[in-house]
Amino acid sequence: MKQKTEMMVSETTRLAEGVWSTTLTMPGGRLWGPVVPGQFVGVYPHDGSALLPRPISICRADSDSGAIRLVYRTVGNGTGELSRSRPGERFNVLGFLGNGYNLE
């Protein structure tokens, strides 16, 4: 089910040069639908000049805690902003996008 909502940053970590991990959590504590491998979200940067969301694959999802983990490379202003985010900061997120695939 595709939905646009606000999610809160719970952690941002540098994994390697230019590669980051950010965990976003639903304020209500539960994801709004199932997540399957291969799906992604659109993260809207705060910069008003960036009108389109940045598509980022979901690395991990925990429906019980309402958290998704994104691992991405910083390539522009949108992903740069996400890499500088701190716990408690909020981003509008559109998801879950894509059809995904079956692992079996």
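Look up a bit, the structure's there.
This is a predicted model, so every value here is computed, not measured.

**Quick word on the overall build of the protein**
- The secondary structure content of the protein amounts to one helix and six strands.
- Compactness check: the protein gives a C-alpha radius of gyration of 13 Å against a globular reference of 13 Å for 104 residues, within 12% of the reference.
- Along the longest, intermediate and shortest principal axes, the C-alpha atoms of the protein span 35 × 30 × 25 Å.
- When burial is assessed residue by residue, the protein has 42% of its 104 residues classed as buried.

**What to know about the pattern of salt bridges**
- Counted under the stated rule, the structure contains three salt bridges.
- For Arg90, the salt bridge goes to Glu6, with nearest N and O atoms at 3.7 Å. Remark: Glu6 occurs in strand β1 (residues 3-16) and Arg90 occurs in strand β6 (residues 90-97); sequence separation between them is 84 residues.
- Since its relative accessible area comes to 36%, Glu6 is described here as partly exposed.
- Here Arg30 and Asp64 are joined by a salt bridge, their closest N and O atoms 3.4 Å apart. With a gap of 34 residues between them, Arg30 in the loop between β2 (19-25) and β3 (40-44) and Asp64 in the loop between β4 (54-62) and β5 (67-73) connect regions that are remote in the sequence.

**Re the environment of Pro55**
- Note on placement: Pro55 falls in strand β4.
- Taking the C-alpha atoms as reference, Pro55 lies 17 Å from Gly18; in sequence the two are 37 residues apart.
- Once residues within four sequence positions are removed from consideration, Pro55 is found in contact with Phe40, Val41 and Gly42.

**What to know about the packing of aromatic side chains**
- A complete count under the given rule lists zero aromatic pairs for this structure.
- Against the face of Tyr44 rests Lys4, its NZ or CZ located 4.2 Å from the ring centre.

**Focus: the nonpolar core**
- Within the largest apolar cluster, 18 residues are counted, with the highest numbers of intra-cluster contacts made by Met7, Val41, Ile68 and Leu70.
- The set of elements that each furnish at least two residues to this core consists of β1, β2, β3, β4, β5 and β6.
- With residues near it in sequence (within four places) discarded, Ile68 still touches Met7, Thr22, Thr23, Leu24, Leu31, Val41, Ile58, Arg60, Ala61 and Phe96.

**Looking at the sheet that holds β4**
- Taken together, the six strands give a closed barrel; going around it, the order is β1-β2-β5-β4-β3-β6, and neighbouring strands pair in antiparallel fashion. Strand-to-strand twist across the sheet, computed as the mean angle between neighbouring axes with direction ignored, equals 45°.
- As judged from the four bridges shared by β3 and β4, these two strands associate in the antiparallel manner. The partner of Gly42 across the bridge, within β4, is Pro55.

Calculation criteria
Residues numbered from 1 in each chain as written. Predicted model: local features only at pLDDT ≥ 70, side-chain atom pairs only at ≥ 80, totals over all residues. Heavy atoms only, no water. Helix = DSSP H or I, 4+ residues; strand = E, 2+ residues; numbered from the N terminus. Rg over C-alpha atoms; globule rule 2.2 N^0.38 Å. Buried < 20%, exposed > 50% of the residue type's maximum accessible area, 1.4 Å probe, protein only. Salt bridge = Lys/Arg side-chain N within 4 Å of Asp/Glu carboxyl O. Contact = heavy atoms within 4.5 Å. Phe/Tyr/Trp six-rings, centres within 6.5 Å; stacked < 30°, edge-to-face > 60°. Lys NZ or Arg CZ within 6 Å of the ring centre and 35° of its normal. Core = buried A, V, L, I, M, F, W, Y, C linked by side-chain atoms within 4.5 Å. Pairing = 2+ DSSP bridges. Axes fitted to C-alpha atoms, helices over the stretch in contact; angles between N-to-C directions.

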